[in-house]
Amino acid sequence: MTHDKFIEQLEGYLKHIRAAYGYFDAYEAIIAAYYNNFEEINIARGFFTVARCSLYNSMLMELAKLYCTRKQSSERTLSKLLNLLQDNKHLFRDEDNIKGLIEEAKLRLADMEPEISILAKRRDKYMAHNDPVCFERDFNPGKEMFLGEGVILSLLTFSESLCRDIFSHLDSRKICTRMENSGDLNELLSELHSIRSNP
């Protein structure tokens, strides 16, 4: 594979990381708004409830694209990125550093396997398919297949740091994994608060 083709592949991973961070930041803003702008949220509580749940599921789907591997699949997951990296070590200035990066990343992925398994189960049984278990009266995806903010942030930061490390060995470009508009909801609610406070 050529240097440019490898960068093109890596940029595909970054696209999913940016999307997941965008959903995460908006989700966090809504959670914070429930505490900081409760009156403004209550104007359209149903909207914010639906938005919060949709952002959570969208964020998990983006993470599933990065982490969850199915057998006999051509999906591009972080595990497959490590294989691609292994096969293309010749593109890097210092192959020994790349070997260390690959080994460390594989260990981290193995440590995160319980969380990745929950993520895959949520994707496969609840979000992407209509498994019979999802129709049972007592089924609660938030309880049985829940991933907390700390776990989600850990998955996000690992994928981000892996891609940053790979890029740092390829060339000196800076990468951006956060969207510029991640603070929009806070600004909107603050403006609404000002309007309501000073009629």
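What you see is a predicted model; the values in this text were computed from it and never measured. Throughout this document, residue positions are counted from 1 along each chain, in the order its sequence is written. This being a predicted model, a pLDDT of at least 70 is required before a residue's local features are given, and a value of 80 or more before pairs of side-chain atoms are given or counted; all residues contribute to the totals for chains, interfaces and linings. Side-chain metrics rest on all non-hydrogen atoms present in the structure, leaving aside hydrogens and water.

K.L.:
So what's going on with the pattern of salt bridges? Which residues, and what values?
P.N.:
Between side chains of opposite charge, pairing is possible as soon as their charged atoms come close. A pair is scored as a salt bridge if a Lys or Arg side-chain nitrogen falls within 4 Å of a carboxyl oxygen belonging to Asp or Glu. Within this structure, the stated rule accounts for three salt bridges. Here Glu62 makes a salt bridge to Lys65, at a shortest N to O gap of 3.3 Å. Of this pair, Glu62 and Lys65 both sit in helix H3 (residues 45–67), three residues apart, roughly one helical turn. When its relative accessible area of 10% is taken as the criterion, Glu62 is described as buried. With a closest N to O distance of 3.2 Å, Arg164 and Glu160 form a salt bridge. One end of the pair, Arg164, and the other, Glu160, are both in helix H8 (residues 149–170), four residues apart, so they sit about a helical turn from each other. Glu160 sits in the buried class, given a relative accessible area of 13%. What counts as a helix is a DSSP run of H or I of at least four residues, what counts as a strand is a run of E of at least two, and both are numbered from the N terminus. Burial classes: relative accessible area under 20% of the type maximum marks a residue as buried, over 50% as exposed, and values in between as partly exposed (1.4 Å probe, protein chains only).

K.L.:
Can you explain the packing of helix H1 (residues 3–36) against helix H4 (residues 78–87)? Please cite residues and give values.
P.N.:
One way to put it is that H1 packs onto H4 with a least axis distance of 11 Å and a crossing angle of 165 degrees. In terms of orientation, H1 lies roughly antiparallel with respect to H4. For H1 against H4, the interelement crossing comes out left-handed. When H1 is examined against H4, the residues Phe6, Gln9, Leu10 and Tyr13 are found in contact with a partner set consisting of Leu78, Lys80, Leu81, Leu84 and Leu85. Taken together, the residues of the contact of H1 with H4 break down into seven nonpolar, one polar and one charged. Axis definition: a line fit to C-alpha positions, over the contact stretch in the case of helices; interaxial angles, taken between N-to-C directions, run 0 to 180 degrees. Any angle from 65 to 115 degrees is called roughly perpendicular, while one under 35 is roughly parallel, one over 145 is roughly antiparallel, and all others are oblique. By definition, any crossing whose near helix is turned counterclockwise from its far helix by less than a right angle is left-handed, and any crossing with a clockwise turn is right-handed. A contact between two residues is defined here by any heavy atoms of the two lying within 4.5 Å. Nonpolar residues are Ala, Val, Leu, Ile, Met, Phe, Trp, Tyr, Cys and Pro. Charged residues are Asp, Glu, Lys and Arg, and all others, Gly as well, are polar.

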